[in-house]
Amino acid sequence: MSRIMKIILFIIFFTVFFEAGLISSYTIVTSQPPDVGKLIGMQIDEITSLLSFGSGSNILSSQSNKKINNPDDVAAALKTQAGLDGINLQTLSAQISGNSKETVIPVNITVMGYKDAISGGNSSGGQIVISANETYSLTASAMGTLKNGGITIDVTTIQITSSRKLYGNTNGT
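Cut-offs used in this document
Residues numbered from 1 in each chain as written. Predicted model: local features only at pLDDT ≥ 70, side-chain atom pairs only at ≥ 80, totals over all residues. Heavy atoms only, no water. Pairing = 2+ DSSP bridges. Helix = DSSP H or I, 4+ residues; strand = E, 2+ residues; numbered from the N terminus. Axes fitted to C-alpha atoms, helices over the stretch in contact; angles between N-to-C directions. Core = buried A, V, L, I, M, F, W, Y, C linked by side-chain atoms within 4.5 Å. Buried < 20%, exposed > 50% of the residue type's maximum accessible area, 1.4 Å probe, protein only. Contact = heavy atoms within 4.5 Å. Expected span 1.5 Å × (residues − 1). Arc of directions from axis to C-beta.

Student: Help me understand the sheet that holds strand 1 (residues 64-68) in this model?
Tutor: The pairing of strands in a sheet happens through backbone hydrogen bonds and is either parallel or antiparallel. Around the barrel, which closes on itself, the 5 strands sit in the order 1-2-3-4-5 with mixed pairing between neighbours. The sheet shows a mean angle of 35° between the axes of neighbouring strands, direction not considered. Where strand 1 and strand 2 (residues 86-96) come together, 3 bridges link them in antiparallel fashion. Residue pairing in the sheet places Asn 65 in a bridge with Gln 95 of strand 2.

Encoded structure:
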């Protein structure tokens, strides 16, 4: 066999064993069946972002904050998707990166939200339990259009990417 053919076969076998290991480790860690297409797509996206690192990609560009033109609609959509009782509009912010000359651009949204604490009791004069609300930090992505120096976010494209519980009642009442 020629040397080039051996190298090509080695690369193919390495890739097959790497993917098999990735799929089996995903199954072990998450205890769920893997979505093979999604895992391979994620790897391809990461490799292409690494290859385009030096060519003016979004990694090197700076993010800029923009005023949200429709904050009430965005807060309502985030509140519904995250299952929270309220959103703090003062902490709602949108960041864009890349070319702002496009008509529709991706937006990263960060906000603080809260969920009312549930406290038990009886109606015959039992204890009064006062407990604090649970506080959450949400990060979401969406698509938006630049208008009037701010950004109008399409609320149908909002996807919550992370939800972190910052403070909550831990005694289980």
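From this point, things continue past the structure.
Student: I keep staring at the nonpolar core and nothing clicks. Help me out?
Tutor: Here is a general trend for soluble globular proteins: nonpolar side chains tend to be buried in one another's company. Core analysis: the biggest nonpolar cluster contains 21 residues, and Val 74, Leu 78, Ile 109, Ile 151, Ile 153 and Ile 158 have the highest contact counts within it. If sequence neighbours within four positions are ignored, Ile 158 has contacts with Val 74, Ala 77, Leu 78, Gln 81, Ile 109, Ala 140, Ser 141, Ala 142 and Ile 153.

Student: Which parts of the structure should I look at to understand helix 3 (residues 71-82)?
Tutor: Counting along an α-helix, one turn takes 3.6 residues, and residues three or four places apart therefore face a common direction. In a regular helix each residue adds 1.5 Å, so 12 residues correspond to 16 Å; helix 3 covers 16 Å between its end C-alpha atoms and thus fits that length. All of the buried residues along helix 3 are Val 74, Ala 75, Ala 77 and Leu 78. Down the axis of helix 3, the buried set is contained in an arc of 165°. They therefore lie on one face. Away from its buried face, by an angle of more than 90 degrees, helix 3 presents the exposed residues Asp 72 and Thr 80. The inward-facing, buried residues of helix 3 contact strand 1, strand 2, strand 3 (105-115), strand 4 (134-147) and strand 5 (150-167). Positive backbone phi, approximately 70°, marks Gly 83, located one or two places after helix 3.

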